[in-house]
Amino acid sequence: MRPTPEQLVLDSWPPAPARPRRPHGRPQAIETGRNRLLVTGLVFAVLFLILAARLVHVTLLMGGEPSLAGAPAAARAHAERAEILDRRGELLASNQKTASLYANPRVILAPEEAARKLTRVLPELSYGSLLGKLDSKRGFVWIKRNLTPKQQYAVNSLGLPGIAFQTERRRVYPQGRLMAHILGFTGVDDRGLAGIERYFDERLGARRAGERPLTLSVDTRIQYALRDELARAVGKFRAKGGAGVVLDAINGEVLALVSLPDFEPSLAAAAAEEARFNRATLGVYELGSVFKIFTLAMALDGRTVGLSDSYDATKPIHVARFIIRDFHAKRRWLSVPEIFLYSSNIGAAKMALDVGGTAQRAYLDKLGLLGRSRIELPEVGLPLYPARWGKISTMTIGFGHGIAVSALQLASAAAAVVNGGVLVPPTLIKREAGAEVPGRRVMSPETSATMRRLLRLVVQHGTGKKASAPGYLVGGKTGTGEKAGAGGYRRKALVSSFVGAFPMTKPRYVVLALLDEPVGNKDSFGYATGGWTAAPVVGRVVARIAPILGVEPVDEAAPEVRRAMVVTTGGGKAKLASF
Amino acid sequence: MRRALICAALVLTAAVAHGIYQLKYDVARLETELTRLDRDLIAEREAIGVLEAEWSYLNRPERLARLAARHLDLKPTAVHRLDGLERLPLGPLARRPAPSAPPLPVAKPPPRGRSGGALLASARPAL
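Residues numbered from 1 in each chain as written. Chains lettered and ligands numbered in written order. Predicted model: local features only at pLDDT ≥ 70, side-chain atom pairs only at ≥ 80, totals over all residues. Heavy atoms only, no water.

Chemist: Can you walk me through the pattern of salt bridges in this structure?
Modeler: If the charged atoms of two oppositely charged side chains come close together, the side chains can form a pair. All names here are of chain A. Considering all chains together, one arrives at 30 salt bridges over all chains under this definition. Between Asp516 and Arg279 there is a salt bridge, with the nearest N and O atoms lying 3.1 Å from each other. With Asp516 in strand β20 (residues 509-516) and Arg279 in the loop between α11 (273-276) and β10 (284-285), this residue pair connects regions lying 237 residues apart in the sequence. A cluster of three or more residues bridged by salt bridges with shared partners is formed by Lys240, Glu274, Arg279, Lys483, Asp516 and Glu517. (Salt bridge = Lys/Arg side-chain N within 4 Å of Asp/Glu carboxyl O. Helix = DSSP H or I, 4+ residues; strand = E, 2+ residues; numbered from the N terminus.)

Now the structure itself:
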């Protein structure tokens with residue numbers, strides 16, 4: 001039987017209790033959407049809150065300076081070779097940005113016009129070769145490298161197509177040839193090839209930020225005065241070359257170092273071998289009579305002789321195949337001061353014999369004359385002296401033959417003789433003010449004082465009269481060495497020198513001048529000796545540099561000065577240099 | 001109420017977004033400025049280097065000597081033109097001391113007939 005509507009209703013009675021039920025269909029979709037929106041909105045809200053908090057933090061709360069992200073390092077694209085300065089801060093060497101001019105000939109439409117315009121602006125270029133370059137089919141050709149800023153501007157103003165600049169760096173020496181032998185020069189890859197540039201190559205080329213410049217002890221003004229006077233003498237006496245040194249006698253600083261002929265550092269590669277040779281440090285010469293300074297010093301210091309002793313200089317010495325004779329021989333007995341004053345070879349040889357070869361050699365070694373100088377240059381010569389130091393060598397070395405040393409070495413040893421007896425190694429680097437000066441005592445202060453007076457005597461009354469600079473109490477010694485040739489000495493090839501110091505009451509500076517093969521002229525009565533050629537150079541240099549160096553002139557005839565310079569020859573009788 | 005909140009949130013979002021973008025562009029602008037300044041700094045340093053080299057070149061002693069000879073009437077300092085301050089005679093000042101003060105020590109004026117330089121004036125002939 002089919003259920004009746006009443007039964008159907010009764011079957012489903014009572015109705016199930018109402019249960020919360022998920023809406024489905026459209027109401028459910030809206031609900032899901034709203035929930036998802038809420039969640040997303042919350043996530044974004046949180047993110048933005050973080051952002052807002054960071055914003056506030058950065059702008060308001062963090063008041064300090066922001067840290068720079070490596071900006072200073074970017075300011076210097078690459079570390080450059082350090083500058084070199086003189087003792088007063090004058091620039092001697094620096095790196096400059098230069099523009100090198102090149103062309104792309106394929107792009108140049110009118111080579112003749114371009115070549116014409118370029119040669120007008122850069123006159124050192126040849127029109128023919130330039131035209132050849134610009135007319136070619138090549139893609140790249142150098143026109144001229146390392147232009148100055150002025151040249152670059154001029155070329156740029158031409159407005160030529162097809163040419164452009166490439167930046168290069170170049171080592172520039174503003175002082176030119178004045179400092180040529182001291183500074184040396186660099187090669188293509190900025191590496192030092194000679195001089196200070198080579199000796200301090202590592203220190204200068206250090207690839208670290210903020211490399212400090214290298215300060216030398218050299219003074220440009222003194223260097224110029226020395227070079228000027230030396231060049232004048234080289235020209236006047238038609239010498240092959242010359243060398244000059246100005247040393248600080250107390251601390252060994254080299255104030256000037258000149259070698260002639262010299263060269264232009266920027267054109268060093270094209271310079272002659274002769275010009276690049278450093279006659280002041282690399283060249284070793286038999287300097288002759290200047291060595292008598294050391295013979296006297298060692299004889300007096302070792303008390304072998306006293307000032308009142310004398311030697312027989314009446315006849316030349318004959319030994320083996322040599323004859324030792326005096327120049328302008330006095331042909332009489334000479335006292336020790338007279339031997340120095342008149343530069344007697346005979347007297348010096350006999351004095352050296354009295355000292356003895358062993359002691360002589362040891363003394364010269366002490367003075368640094370037998371070893372290489374420790375100056376900060378790669379071009380330093382090794383002294384030459386006999387392997388067997390016999391009697392003959394002792395005699396000849398007594399008056400400076402048979403031993404070859406460099407000019408700088410001699411100046412340094414002379415400084416030790418005049419400064420009180422302390423040998424200070426010469427240096428090209430400026431010493432710190434107040435720094436301890438390295439030195440070794442080589443003779444007694446009394447010997448040094450006596451030598452000072454003797455040296456003053458030579459300039460007042462002896463062979464060094466032409467080195468006198470009134471007011472500055474110059475003292476020194478002349479030297480004329482004969483250059484050795486094949487089979488003996490060449491009589492006419494001389495190395496004339498003079499080493500002096502001033503002011504002799506308390507020497508502060510040593511000045512040395514050397515001329516290589518000077519030739520006597522009318523003014524020098526045909527003489528090419530040290531007294532005629534090198535001594536005037538020293539005298540003129542002292543007169544020029546003393547005011548610069550702040551050396552006060554004194555009245556040379558004042559009693560106290562003359563008393564300070566008197567040479568006592570024993571027996572209580574003071575001889576005021578009037579022999 | 002809810003509408004107001006939503007509105008406020010939207011406004012805040014817009015403001016913050018604007019602020020952030022402003023900041024971002026400001027930073028970018030400052031960075032460009034920094035790079036430009038760095039480049040200028042390098043260029044200026046180069047220029048200084050060139051000028052220093054040029055200055056040294058123009059100060060070559062031989063050039064200065066040449067110019068001085070041509071344009072100036074100066075000569076190298078001769079030694080007889082140098083002297084110490086203490087050697088200067090008081091001259092007229094010595095002859096008229098202040099009335100209230102004790103008389104000043106009088107320095108002898110230089111004798112007439114001598115040439116200017118005081119230094120070598122007392123030179124005697126060599127022995």
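Chemist: Before we go on, may I ask you to explain unusual backbone geometry in this structure?
Modeler: Glycine aside, negative phi is the norm for most residues, and most peptide bonds take the trans geometry. All names here are of chain A. Each neighbour pair has its own omega, and for Leu260 with Pro261 the value is 0 degrees, a cis peptide bond. Looking at the secondary structure, you find Pro261 in the loop between β9 (254-260) and α11. Of the consecutive residues Phe502 and Pro503, the connecting peptide bond is found in the cis state with omega at -20 degrees. Counting through the fold element by element, Pro503 comes out in the loop between β19 (488-502) and β20. For Asn146, which is not glycine, the phi dihedral falls at a positive 55 degrees. Looking at the element boundaries, Asn146 is found in strand β3 (residues 141-147). The phi dihedral of Arg238 falls on the positive side, at around 50 degrees, and the residue is not glycine. Note on placement: Arg238 falls in the loop between α10 (220-236) and β8 (241-248).

Chemist: Please explain the packing of aromatic side chains as it appears in this structure.
Modeler: All names here are of chain A. Enumeration over the complete set of coordinates arrives at 11 aromatic pairs over all chains. Taking the centre distance of 6.1 Å and the plane angle of 85 degrees together, the rings of Phe327 and Tyr527 count as edge-to-face. Note that Phe327 is positioned in the loop between β13 (322-324) and β14 (333-335) and Tyr527 in the loop between β20 and α19 (530-533), a separation of 200 residues in sequence. Judged by relative accessible area, Phe327 falls into the partly exposed class, the value being 47%. Ring geometry for Phe525 and Trp532: centres 5.5 Å apart, planes at 75 degrees, overall edge-to-face. The exposure class of Phe525 is exposed, given its relative accessible area of 64%. Pairwise contacts between aromatic rings join Phe327, Phe525, Tyr527 and Trp532 into one cluster. (Phe/Tyr/Trp six-rings, centres within 6.5 Å; stacked < 30°, edge-to-face > 60°. Buried < 20%, exposed > 50% of the residue type's maximum accessible area, 1.4 Å probe, protein only.)

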